[in-house]
Amino acid sequence: MGRETLALSWALAAVLMLPRLAGATHSAWALCSKAGVFADLSAQELKAVRSFLWSQKELRLEPSNALTMAKNSVFLIEMLLPKKQQVLKFLDHGHRRPVREARAVIFFGAQEHPNVTEFAVGPLPWPHYMRELPPRPGHRVSWTSRPMTFAEYVLLNRTLQEATKPLHQFFLDTTGFSFHNCRNRCLTFTDVAPRGLASGQRRTWFILQRSVEGFFLHPTGLELLVDHSSTDARAWLVEQVWYNGKFYRSPEELAQKYQDGEVDAVVLEDLPPEGQEAESTEGPPLFSSYRFRGDFPSPITVKGPRLVQPYGPRYRLEGNAVLYGGWSFAFRLRSSTGLQVLDVRFGGERVAYEVSLQEAVALYGGHTPAGMQTKYIDTSWGLGATTYELAPGIDCPDTATFLDALHYYDVDDPTRYRRALCVFEMPTGVPLRRHFDSNFSGGFNFYAGLEGQVLVLRTTSTVYNYDYIWDFMFYPNGVMEAKIHATGYIHATFYTPEGLRHGTRLHTHLVGNMHTHLVHYRVDLDVAGTKNSFQTLRMKLENITNPWSPEHRLVQPTLERTGHPSERQAAFRFGRALPRYLLFSSPQENPWGHKRSYRLQIHSMADQVLPPGWQEEQAVTWARYPLAVTKYRESELCSSSIYNQNDPWDPPVVFEEFLRNNENIEDEDLVAWVTVGFLHIPHSEDIPNTATPGNSVGFLLRPFNFFREDPSLASRDTVMVWPRDNGPNYVQRWLPEEGRVCLTPTPFSYNGTYTAV
């Protein structure tokens, strides 16, 4: 009877808790109703901004897809986040909702001195004003720093086709493909960046490849340097040619030397024409193909396990707001930089105002000109806008809720990206916590366990060859995790013996170039308020006299607490030991006298790649630090920009400047800037694609004396078992045990298109 009485008392306690839970739910939904302050622009709002801009005749706008650089066109429209203090007054104190505005980026190419200018446009949904958004003091956005556009690529393709006409026979002889009258045996290209060697240049190296499935792995051995800085595409020209280890002044010189037998030409193996590979069942598939091949010693011939949720999702999704257990948060998919979560709360109490992706870079080495030049800075390549469709059952579980995204990025109409995000709950495969309490006599006193579950918000970015999977994960015990997985095709160049100093030979004519992935996050923590301090904890050994045996010595660990009152003291460079415990603390204390804190725990294999101050390093000075902590400033919202890639020598945003004033960070609104990453030395198992296991990094935000006890005690997933003297063991559950459920999975579907709205 004792167990039944205990269960009854807990049931009574649960009933008494209902009013409190109802109040918390009401409060959470009140917060949810305000999450629209962070929402991305709707199709109607994007069209309203576009129409307003086109109505301003002095802008002399032309369509983005017009095939000229000498035009004024709208490149980007996205939501402009209101100032934090205005948002907090709205969220927390019932003030008026902040004015809703858009950020618009316009390329002004149809003038004597072309430039790029950004504007705030508002108020939405019916805009009637625009004001210029100036760059940071002391900086400018140069014309050559603008991101590439579809129109520029079309013109570059034409330039390459025209410039390589003398090489037509050379291409046919060495590759079997060409740029001219090629139908399904065409050449294509990959361009690399930075585009030149100094500010003001727009000179790009192009890798010519055969256009087949996985063309990134099919370089032809030819690379060309094109100057396309002029607004007149007729003035663009090929400045240099590299083929199989040697430089030539022009395509004409290479063609003539080839005709004269003076070129060490490499004849590539024949490949099936583009499009026939997927349909062909004869012969082995391309090594760059995803097609099934080979056998396991123990064949697997049936579908694997899959998630089910018999009672539907346990999270609530309303617009851009999510409620899950103790968690509530808003999210947006910013076209420029990617996924953001905002107003992150647990138990109704704010933990972070913003956690967001800022930048992703990949820094390469190589023997070919393109290989050694490549330092990709991905926000310039559409990091936030290349969020293509997620496949149910592969990219996200079948049970996920899929959401579309709208982007206005190098287009003339808002574009809908189907199933660009997903939200789902999944088992972690390991208990959140558990204990078996042995009686040391062949039995037990009790067993208790809590099934591991986590809510995941996911999107992807396919930036040309690489695919990044971006996750924000929310655990029932108040822990939040940010994680990135890298997959997709490697960036590869043509094999030369010298290339092995910079990578690995992966096929007959292929080198996988070594590179370092670095990802930067902004973590605006508001731990029980906006007044926080930063401190670190570490273990220090002490050697003392044993108090209960004075003739002996004792070595034991002690806690060493270090405050970091200024920004420079809280900027940890790579190469310097980063303390294990990184705490952001409120002046408030928990019941046991400890400051309520959240711990930042970084999981990364990153290291600094470029020497500080070295040429292009100005664009990625944040990559000097695995962690830097600064005081919140409205002028320091982003650590990079869409312009840093194409003018890394004089970028408009230099993160190092955020630290120069060395402000006080005690009892201030703090922002943590976190760098994670890993070195990737390609290997044969990266063919055809890099796999996700082992290629993920990220960080966790973990409560540290923030709660009175583990908040996951509120989870009804807990199970306890007690032994009985007679009969079966007593099992206590707080959720009904599932009966048999028969579910018919939804048939797989994939559209793959992204179309104008």
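Residues numbered from 1 in each chain as written. Predicted model: local features only at pLDDT ≥ 70, side-chain atom pairs only at ≥ 80, totals over all residues. Heavy atoms only, no water.

Asker: Tell me about the overall build of the chain, residues and numbers included.
Answerer: Helix and strand counts for the chain stand at 8 helices and 37 strands. Computed over its C-alpha atoms, the radius of gyration of the chain comes to 29 Å, within 12% of the 27 Å expected for a compact globule of 757 residues. Within the chain, buried positions represent 54% of all 757 residues. The contacts in the chain between residues at least 6 apart in sequence include a share of 66% that link residues at least 24 apart. For the chain, the exposed surface amounts to about 34,600 Å²; the carbon and sulfur share of it is 54%. Mean positive and mean negative side-chain charge positions of the chain (74 and 81 charges, respectively) differ by 5 Å. (Helix = DSSP H or I, 4+ residues; strand = E, 2+ residues; numbered from the N terminus. Rg over C-alpha atoms; globule rule 2.2 N^0.38 Å. Buried < 20%, exposed > 50% of the residue type's maximum accessible area, 1.4 Å probe, protein only. Contact = heavy atoms within 4.5 Å. Areas by Shrake-Rupley, 256 points an atom, 1.4 Å probe, with all protein chains shown as cover. Lys, Arg positive; Asp, Glu negative; His and termini not counted. Charge placed at Lys NZ, Arg CZ, Asp CG, Glu CD.)

Asker: Quick one: what's the story with a nonpolar patch on the surface, residue by residue and with numbers?
Answerer: A contiguous nonpolar patch, built from Ile 394, Phe 748 and Tyr 750 and spanning about 370 Å² of accessible area, is present on the exposed surface. Note on placement: Phe 748 falls in the loop between β36 (730-733) and β37 (754-756). (Patch = residues over 30% accessible without salt bridge, like charges linked within 9 Å, V, L, I, M, F, W, Y side chains within 5 Å. Salt bridge = Lys/Arg side-chain N within 4 Å of Asp/Glu carboxyl O.)

Asker: If you had to explain the state of the cysteines to someone new, which residues and values would you point to?
Answerer: Counted according to the given criterion, the structure contains 2 disulfides. The disulfide partner of Cys 182 is Cys 186, and the S-S distance across this bridge is 1.9 Å. Of note, the bridge from Cys 182 to Cys 186 carries an S-S torsion of about 90° and is right-handed in sense. Given a relative accessible area of 16%, Cys 182 falls into the buried group. According to the relative accessible area criterion, Cys 186 is buried, its value standing at 15%. (Disulfide = S-S within 2.5 Å.)

Asker: Go over the confidence of the model for the chain with me, naming the residues and quoting the values.
Answerer: Mean pLDDT over the chain works out to 93, with 94% of the residues at or above the 70 mark. Note on residues 1-26: pLDDT is under 50 here. Beyond four places in sequence and across chains, it has 12 contacts. (pLDDT = per-residue confidence, 0-100.)

Asker: Which residues make up the pattern of salt bridges, and what values go with them?
Answerer: All chains considered together, the criterion is met by 43 salt bridges. A salt bridge links Glu 668 to Lys 631, with the nearest nitrogen and oxygen atoms 3.9 Å apart. Here the residue Glu 668 occupies a position in the loop between β32 (627-631) and β33 (670-680), and Lys 631 occupies one in strand β32, the gap between them amounting to 37 residues. The exposure class of Lys 631 is partly exposed, given its relative accessible area of 25%. What emerges from the salt-bridge pattern is a single network uniting Lys 84, Asp 524, Asp 526 and Asp 669.

Asker: Break down the pairing of strand β20 (residues 453-463) for me, with residues and values.
Answerer: With 10 of 11 residues buried, β20 is to be regarded as a mostly interior element. Here strand β17 (residues 415-427) pairs with β20 via 7 bridges, running antiparallel. In the strand pairing of β20, Val 423 is matched with Leu 457. Of the pairings in the sheet, the one linking β20 to strand β21 (residues 466-474) comprises 9 bridges and is antiparallel in character. From the neighbouring strand, Val 463 faces β21, where its bridge partner is Tyr 466. Two successive antiparallel strands, β20 and β21, enclose a turn made up of 2 residues, where Tyr 464 displays a positive phi of approximately 60°. (Pairing = 2+ DSSP bridges.)

Asker: Account for the sheet that holds strand β35 (residues 718-722), naming residues and giving values.
Answerer: Reading across from one edge, β18-β19-β35-β36 is the order of the 4 strands in this open sheet, with antiparallel pairing throughout. Strands at the two margins of the open sheet, each flanked by one partner only, are β18 (433-438) and β36. Looking at each pair of strands side by side, their axes are set apart by 10° on average, direction ignored. With 6 bridges connecting them, β18 and strand β19 (residues 444-450) associate as antiparallel partners. (Axes fitted to C-alpha atoms, helices over the stretch in contact; angles between N-to-C directions.)

Asker: Go over the side chain of Ser 289, please, and point to the residues and values.
Answerer: Position of Ser 289 among the secondary structure elements: in the loop between α7 (276-279) and β10 (316-318). Residue classification places Ser 289 among the buried positions, given a relative accessible area of 1%. Separated by 3.3 Å, the side chains of Ser 289 and Glu 213 make a polar contact. (Polar contact = N/O pair within 3.5 Å; in protein donor to acceptor, adjacent residues only side chain to side chain.)

Asker: Outline the sheet that holds strand β23 (residues 492-494), listing residues and values.
Answerer: The strand order β23-β25-β24 describes an open sheet built from 3 strands, whose pairing is antiparallel. Bordering the open sheet on either side are β23 and β24 (503-507), each of which pairs with just one other strand. The mean inter-strand angle of the sheet, taken between neighbouring strand axes irrespective of direction, is 40°.

Asker: Residue-level account of helix α2 (residues 43-55), with values.
Answerer: With 13 residues, α2 extends 18 Å from end C-alpha to end C-alpha; this agrees with the ideal 18 Å at 1.5 Å per step. For α2, the set of buried residues is Ala 43, Glu 45, Leu 46, Val 49, Arg 50, Phe 52 and Leu 53. Residues of α2 that are buried make contact with β1 (72-80), β2 (101-108), β3 (115-122), β4 (129-132) and β16 (401-409). (Expected span 1.5 Å × (residues − 1).)

Asker: Any chance you could break down the nonpolar core for me, citing the residues and the numbers?
Answerer: Val 341 and Tyr 521 are the most contacted members of the largest nonpolar core, which totals 115 residues. Ranked by the residues each element gives to this core, the list is headed by strand β14 (residues 349-364), at 7 residues. Not counting residues within four places of it along the chain, the set of residues in contact with Val 341 comprises Phe 329, Ala 330, Phe 331, Tyr 353, Glu 354, Val 355, Leu 457, Phe 472, Phe 474 and Met 480. Leu 610, Ala 628, Phe 655 and Trp 673 belong to the second largest nonpolar core, which has 21 residues in total. (Core = buried A, V, L, I, M, F, W, Y, C linked by side-chain atoms within 4.5 Å.)

Asker: Can you break down the packing of aromatic side chains residue by residue, with the values?
Answerer: Within this structure, the stated rule accounts for 39 aromatic pairs. Both rings, one in Tyr 364 and one in Tyr 376, keep their centres 6.0 Å apart while their planes meet at 80°; by these two values the pair is edge-to-face. Residue Tyr 364 is found in strand β14, and its partner Tyr 376 is found in strand β15 (residues 375-377); the two are separated by 12 residues along the sequence. The class of Tyr 376 is buried, set by a relative accessible area of 8%. With centroids separated by 5.2 Å and ring planes inclined at 85°, the aromatic side chains of Tyr 376 and Trp 381 adopt a geometry described as edge-to-face. In terms of burial, Tyr 376 and Trp 381 fall into one category: buried. One aromatic cluster is present, formed by Tyr 153, Phe 189, Phe 206, Tyr 364, Tyr 376, Trp 381 and Tyr 464 through successive ring pairs. Its end group placed over the ring of Phe 90, Lys 34 keeps NZ or CZ at 5.3 Å from the ring centre. The ring of Phe 706 carries the charged tip of Arg 596 above its face, separated from the ring centre by 4.0 Å. (Phe/Tyr/Trp six-rings, centres within 6.5 Å; stacked < 30°, edge-to-face > 60°. Lys NZ or Arg CZ within 6 Å of the ring centre and 35° of its normal.)

Asker: Which residues make up the pairing of strand β5 (residues 187-191), and what are the values?
Answerer: Among the 5 residues that make up β5, 5 are buried, leaving the element largely enclosed by the rest of the structure. A two-sided burial pattern is seen for β5, the buried positions comprising Leu 187, Phe 189 and Asp 191 on one face and Thr 188 and Thr 190 on the other. Inspection of the sheet shows β5 paired to strand β6 (residues 203-210) by 5 bridges, in the antiparallel sense. What sits directly across from Thr 190, in β6, is Ile 207.

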